[in-house]
Amino acid sequence: MSRNPVESKLGLRGIVAVMLGLTWGMIGGCPVPQPDGDGTTPKGNSGLTGKFVGSARCSLCHVNAHTNWSQTLHAGALDTLEAMGQDKNPVCLPCHTVGFGQAGGFVDRATTDDLAGVGCETCHGAARDHVENIEDRSLRPTVSLSSALCATCHQGEHHPQSEEWAESGHTHLQDAVADGMLAGSTSSVQNCGLCHSGDIFNEVQVKGEAIADNAFVGRQKADLNPITCAVCHDPHRRTGNAAAPDEGRDFQLRFREVATPRATNSIAAATDRTRFNLCGQCHHSRGRVWTETGRAPHHSNQSNIYVGEMPMPAGQENAPLVFSRVSVHSFAPEQCATCHMFRQDFQSEVAPAISGHTFAVNLASCAQSGCHPSVGQARAVQATLRAEIDGRLANVRRLLGEPAAWEYSSAGGPEDQGTVSDAVKQARFLYYYALNDGSKGMHNPAYVRDMLLKAEQLLQN
Ligand code: HEC
Ligand code: HEC
Ligand code: HEC
Ligand code: HEC
Ligand code: HEC
Ligand code: HEC
Ligand code: HEC
Ligand code: HEC
């Protein structure tokens, strides 16, 4: 079945509008002032004579995007100011409307109503040239995954998402992956990029499109996006994926924040991102098992440890190295976000808002979620666990001995991996599976303890 790409994206109404595109500039924009909800401010669009045409105009062709967007808080950002009598405050308007203070931008409800709120042209730029020349590709609005787009507003002491994100590991795109993308490497584009590149994740995992190996050839490294805002957030719609959004909010998460898959030990399940929550779309096992000789398990197995599972070679799924178990931490109300995205509203200049977007663990969350009696108690429990796990990791490492005898081939181990016994292969796998999770047992204390005990046993026998 061959589908016209324009038709599939725009729908019938869009096609008609595309055909009318040339004349639309002349018939559009008829200003009939309408009273708003409380009847005080007349609405109208007589001021839409510049480069901005307003979000309503886009609805003609981009029907779904507009319908969905109109339900978001972005669409109602001016209503928020109106509700508190701040809709004439020039300090607030630049972030709550389209183009306030710019030529042709928002002025007021009476003359530029279609530029109220955070509209289409906030993120895609003034689009008159596009709507009047639909066929001209060179005039198509920009589509950008860059966090800089969101940073113009989502910054400062009331909503510091951008500054906090900038401190996080999610700003980082591994050099090897970036270089591979620019060189058209199949492995970087079809494999590593699925989790490390925002551009590839968005295209393949979000939209379900295929991507060519050479899609990034000729681009600049600085243009490649890591895990940016729009990778996790759908800019256009309420999704219902947040576990516990505050009153009236949604957070527009692309994937559900909480998922509770049953632990299983097959490779297919361990690598199946659809079983996991938003974070688990990338923070899941890449499927290496204990019989692997080249490399240790990847650093991304947090979701698997969290639910208490590890991939096993085919046929061994029902006899895992360590039996599955979950900890109470897998029932944290927002799962990963509970510990890694502690949020607090703005209180004062000395206690500004915390948005949780550094993704670093904040122990305040342990007490706030009602699970631990106090931050101090949580800190003490963590210190005890960490000391225990560090000790067990060190002990396994000591029992393993000289790396030349037991390591993976890529890490200085024997070239002939046939000299490494099964017991040592299993122990080194367990060692790295526990270590590379990075939480020092916190994601599932008893399960990780079992892994290291099993590794000790294997090496002492
Ligand atoms: C008369 C129909 C029409 C109107 C009105 C219209 N567009 Fe488009 N738009 C199109 C068509 C056709 C395309 C190209 C097909 C596609 O890629 O979906 C397009 C593409 C786009 C793209 C994607 C560009 C890309 O490179 O992928 C964006 C973003 C966009 N339009 C934004 C807007 C905005 C914002 C408005 C309102 C200010 C608007 N459009 C109004 C028809 C329209
Ligand atoms: C022009 C300023 C501006 C830009 C640019 C902007 N936002 Fe916003 N955003 C806002 C405002 C204002 C609100 C709150 C609106 C309200 O509550 O009335 C908001 C709210 C949100 C919310 C909360 C939605 C909810 O239902 O809880 C999310 C998520 C969000 N923005 C994400 C983004 C992302 C991602 C980008 C970039 C792709 C972005 N924003 C760009 C101003 C902006
Ligand atoms: C730098 C851009 C910017 C400016 C200037 C700005 N806002 Fe906002 N405002 C935002 C963003 C972004 C959000 C969404 C915050 C979030 O969801 O965390 C927001 C959200 C809000 C909310 C919803 C409640 C909340 O805090 O999430 C209110 C109310 C609000 N702003 C009022 C105002 C008022 C009043 C002014 C002027 C005194 C103002 N804003 C100026 C960007 C701005
Ligand atoms: C808060 C910023 C923001 C707002 C507001 C916004 N967009 Fe977008 N838009 C984006 C980002 C980021 C992308 C790229 C990511 C994606 O496709 O989801 C995008 C992608 C698009 C695309 C290309 C989709 C594709 O599949 O290639 C179109 C078309 C589009 N937007 C139209 C609109 C229209 C129409 C509106 C208003 C009804 C709108 N956008 C409002 C940020 C925004
Ligand atoms: C299933 C998703 C996924 C795939 C596929 C993936 N990674 Fe990763 N990778 C991650 C995540 C998530 C982290 C971060 C884990 C952490 O910070 O603890 C990571 C961390 C890393 C690190 C830093 C840890 C270290 O070893 O020092 C490197 C380097 C890396 N990946 C390279 C690659 C390369 C190269 C590929 C392709 C051959 C690849 N990754 C494929 C998800 C993935
Ligand atoms: C790795 C995924 C991820 C990335 C990247 C990300 N967010 Fe979020 N964001 C979330 C999650 C998850 C929540 C909900 C947290 C919760 O449940 O407490 C959230 C909440 C929010 C909220 C609503 C709560 C609040 O803080 O007021 C806003 C606004 C927001 N993000 C904006 C942004 C912006 C802007 C960026 C880029 C600078 C960004 N996010 C990057 C995952 C992400
Ligand atoms: C689209 C893929 C993706 C998603 C979704 C994602 N991450 Fe990541 N995350 C990564 C990658 C890739 C890295 C490693 C980046 C690097 O070091 O190159 C990483 C790194 C991290 C780190 C280590 C940060 C550091 O400073 O070293 C933490 C913690 C983390 N992520 C938590 C989360 C949480 C919590 C969520 C869900 C709210 C989440 N991630 C969602 C891909 C993702
Ligand atoms: C009960 C609290 C808790 C929950 C829930 C939780 N984590 Fe963690 N996580 C931690 C702690 C504590 C650390 C160790 C942090 C440190 O050393 O600063 C950690 C470490 C990490 C790291 C390694 C960070 C680094 O710097 O290398 C990543 C990645 C990570 N977690 C991702 C996740 C993901 C994905 C989830 C959900 C599947 C999750 N976490 C759930 C507490 C938690």
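Chemist: Break down the overall build of the chain for me, with residues and values.
Modeler: Along the chain, the regular secondary structure elements total 22 helices and two strands. In terms of its C-alpha atoms, the chain occupies a principal-axis envelope of roughly 85 × 55 × 35 Å. Pairs at least 24 residues apart make up 57% of the contacts formed inside the chain by residues separated by at least 6 positions. Accessible surface, the chain: about 23600 Å² in total, of which carbon and sulfur atoms supply 55%. Seen as two clouds, the 37 positive and the 47 negative side-chain charges of the chain have centres 5 Å apart.

Chemist: Would you mind going over the coordination of the iron atom of ligand 7 in detail, with residue names and values included?
Modeler: Around the iron atom of ligand 7, the protein contributes the donor atoms H170 (NE2) and H283 (NE2), at 2.0 Å from the metal centre. On the accessibility criterion, H283 (33% relative accessible area) is partly exposed.

Chemist: Describe the coordination of the iron atom of ligand 2, listing the residues and the values that go with them.
Modeler: Looking at the metal site, the iron atom of ligand 2 is ligated by H74 (NE2) and H154 (NE2), spaced 2.0 Å from it. Coordination at the iron atom of ligand 2 is octahedral: its six donor atoms span angles of 86 to 180° at the metal. Here the residue H74 occupies a position in the loop between α3 (63–69) and α4 (77–83), and H154 occupies one in the loop between α9 (147–151) and α10 (161–166), the gap between them amounting to 80 residues. According to the relative accessible area criterion, H74 is partly exposed, its value standing at 26%. Assessed through its relative accessible area of 33%, H154 is described here as partly exposed.

Chemist: Let's hear about the nonpolar core: which residues, and what values?
Modeler: Counting 30 residues, the largest nonpolar core has M310, L321, L430 and M451 as its most contacted members. Contributions of two or more residues to this core are made by α19 (375–400), α21 (422–436) and α22 (445–460). Counting residues in hydrophobic clusters, the runner-up holds ten residues, among them L48, F52, F106 and L115.

Chemist: Describe in detail the site of ligand 2, supporting the description with residues and values.
Modeler: In the region of ligand 2, 20 residues are neighbours, and H74, T80, C150, C153 and H154 sit closest. A distance of 2.8 Å is found between a nitrogen atom of ligand 2 and a side-chain nitrogen or oxygen belonging to H154. Residue D250 places a main-chain N or O atom 2.9 Å away from an oxygen atom belonging to ligand 2. Breaking the shell around ligand 2 down by element, the ones donating at least two residues are α4, α5 (93–96) and α9. Looking at side-chain class alone, the shell around ligand 2 contains nine nonpolar, nine polar and two charged residues.

Chemist: Explain the side chain of D437 residue by residue, including any values.
Modeler: Tracing the sequence through the fold places D437 in the loop between α21 and α22. Although D437 is buried, it makes no salt bridge; R386 carries the closest opposite charge, 9.3 Å away. Within polar-contact distance, the side chain of D437 engages the side chain of H443 at 2.7 Å. In contact with D437, not counting residues within four places along its chain, are N301, Q302, I305 and H443.

Chemist: Summarise the site of ligand 8; cite the residues concerned and give the values.
Modeler: Taken together, 18 residues surround ligand 8, and among them C336, C339, H340, R386 and H443 come closest. A distance of 2.8 Å separates a nitrogen atom of ligand 8 from a polar atom in the side chain of H340. The contact in question runs from an oxygen atom of ligand 8 to an N or O atom on the side chain of R386, over 3.0 Å. Contributing elements (two or more residues each) for the shell around ligand 8: α16 (302–307), α17 (336–340) and α19. Considering only residue class, the shell around ligand 8 consists of six nonpolar, ten polar and two charged.

Quick notes on the rules
- The residue numbering used here restarts from 1 in each chain and proceeds along that chain's sequence as written.
- Ligands are numbered from 1 and chains lettered from A, in the order in which they are written.
- Two thresholds apply to this predicted model, a pLDDT of at least 70 for residue-level local features and 80 or more for giving and counting side-chain atom pairs, whereas whole-chain, interface and lining totals are computed over all residues.
- Think of the side-chain values as coming from all heavy atoms in the structure, minus any hydrogens and water.
- Secondary structure counts use DSSP, requiring at least four H or I residues in a row for a helix and at least two E residues in a row for a strand, with both numbered from the N terminus.
- By definition, residues are in contact when any of their heavy atoms lie within 4.5 Å.
- Calculation of accessible area relied on Shrake-Rupley with a 1.4 Å probe; when residues are assessed, cover is drawn exclusively from the protein chains displayed.
- Lys and Arg are tallied as positive, Asp and Glu as negative. Neither His nor the chain termini are counted.
- The location of each charge is read from NZ of Lys, CZ of Arg, CG of Asp or CD of Glu.
- Counted as coordinating are nitrogen, oxygen and sulfur atoms within 2.8 Å of the metal, or 3.2 Å for Na, K and Ca, while water is not included, which may make sites look incomplete.
- For every residue, the accessible area (1.4 Å probe, protein chains only) is compared with the maximum for its type, and the residue is labelled buried under 20%, exposed over 50%, or partly exposed between those bounds.
- Angular criteria define each label, namely tetrahedral for four donors with all angles between 85 and 135 degrees, square planar for four and octahedral for six donors with opposite donors over 155 degrees apart and remaining angles between 65 and 115, and irregular for whatever fails these tests.
- To qualify as a nonpolar core, a set must consist of buried Ala, Val, Leu, Ile, Met, Phe, Trp, Tyr and Cys residues joined through side-chain atoms within 4.5 Å.
- The near set for a molecule or strand comprises every residue that places at least one heavy atom within 4 Å of it.
- Any pair of N or O atoms that falls within 3.5 Å is considered a polar contact. Within protein, one atom must be able to donate a hydrogen and the other to accept it, and sequence-neighbouring residues count only if both atoms are side-chain atoms.
- Three classes are used: nonpolar for Ala, Val, Leu, Ile, Met, Phe, Trp, Tyr, Cys and Pro, charged for Asp, Glu, Lys and Arg, and polar for all others, with Gly counted as polar.
- The salt bridge definition used is simple: a Lys or Arg side-chain nitrogen within 4 Å of an Asp or Glu carboxyl oxygen.

By themselves, these are just geometric observations and shouldn't be taken as functional.
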